[in-house]
Amino acid sequence: MRIKVTNPNTTAGMTATIAAAARAAAGPGTEILAATSPTGPASIEGHHDEAMSLPGLLAEVRAGEAEGVDGHVIACFGDPGLLAARELARGPVLGIAEAAMHAASMLATGFSVVTTLGRTRVIAEHLVRAYGMERHCRRVRATELAVLELDDPRSDARRRILDECRRALAEDGSGAIVLGCAGMADLARDLQGALGVPVIDGVAVAVRFVEALVACGLGTSKRGDLAYPLPKAYTGPLALLASGSGVPDAA
Ligand code: 5HY
């Protein structure tokens, strides 16, 4: 089985963290194809960043479809372009926020999300509602760490994330923690050991969920809103990104 894991930002160092977590989680016989978006923002920390990340993300999904991959993971906690990517894909497409929240809801009656900047909290809160997780998500908390600070030893990221997780367990009545950034994937096991509760990295669980869906012979529905995009003319720079789609002509 081949699963494409795409980092929608353009920071290759972060893709390396994501790829390592995906490969560590993947089952025997699963090949992980990790990709960094070819165009867009170096990190995604708001609505504008998300919007600007979409052409690059969708170009990578299209390329994966042309290569015949079995499924996709969108490795960014805002799950940017999830439905658009599902239109392009034959197999399952999972966002790491969606996967992590569903996993957490199966492991604890309440969970808290610990994310990066406060300004991204509203994006996670939108997803909590979109995924029907209001009854499970106790709170979305921010560490005020910028995404690219996660890899910077001077930021003391691990301690600041651990402290926020501890506050979440003490104040929110949560029994599990969802890590609110793909760049935190390498911290999950260590934090779980320190906190003694499930700490969920969406990259790992999304890979396993895609494997499970593919193993059950399931893929994205091609009926209705997730049917392949209708072929149409593109003009300007996006015409290049949208071409050679590999997406079968609409029936
Ligand atoms: C992520 N941004 O997972 C999100 C995290 C965030 O570039 N990769 C990013 O802060 O929303």
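Refer to the structure presented above.
Residues numbered from 1 in each chain as written. Predicted model: local features only at pLDDT ≥ 70, side-chain atom pairs only at ≥ 80, totals over all residues. Heavy atoms only, no water.

Participant: Would you mind showing me how to read unusual backbone geometry here?
Facilitator: A negative phi angle characterises most non-glycine residues, just as the trans form characterises most peptide bonds. Positive phi outside glycine occurs at Glu-144, with the angle close to 60°. You can see Glu-144 is positioned in the loop between β6 (137–142) and α6 (157–171). Take Glu-144: its relative accessible area is 45%, and that puts it in the partly exposed class. For Asp-156, which is not glycine, the phi dihedral falls at a positive 55°. When you line up the elements, Asp-156 lands in the loop between β6 and α6. Take Asp-156: its relative accessible area is 34%, and that puts it in the partly exposed class. (Helix = DSSP H or I, 4+ residues; strand = E, 2+ residues; numbered from the N terminus. Buried < 20%, exposed > 50% of the residue type's maximum accessible area, 1.4 Å probe, protein only.)

Participant: Explain the sheet that holds strand β4 (residues 93–95) here, please?
Facilitator: Each strand in a sheet pairs with another by means of backbone hydrogen bonds, the pair being arranged parallel or else antiparallel. Taking strand neighbours across the sheet as the criterion, the four strands line up as β2-β1-β3-β4 in an open arrangement whose pairing is parallel. Across the chains shown, the open sheet's two edge strands, defined by having one partner strand only, are β2 (31–36) and β4. When strand polarity is set aside, the average angle formed by the axes of neighbouring strands in this sheet is 20°. Pairing of strand β3 (residues 71–74) with β4, which is carried by three bridges, proceeds in the parallel orientation. Looking at the pairing, His-72 lines up with Val-93 of β4. (Pairing = 2+ DSSP bridges. Axes fitted to C-alpha atoms, helices over the stretch in contact; angles between N-to-C directions.)

Participant: So what exactly am I meant to see when it comes to helix α8 (residues 202–215) here?
Facilitator: Helical geometry note: an α-helix holds 3.6 residues per turn, so side chains three or four residues apart project in the same direction. Over its 14 residues, α8 extends 19 Å from the first C-alpha to the last, a length consistent with the 20 Å expected when each residue adds 1.5 Å. For α8, the full list of buried residues reads Gly-202, Val-203, Val-205, Ala-206, Val-207, Val-210, Glu-211 and Val-214. Capping of α8 at its N-terminal end is provided by Asp-201; its side-chain oxygen lies 3.0 Å from the backbone amide nitrogen of Val-203. Positive backbone phi, approximately 75°, marks Gly-217, located one or two places after α8. (Expected span 1.5 Å × (residues − 1). Polar contact = N/O pair within 3.5 Å; in protein donor to acceptor, adjacent residues only side chain to side chain.)

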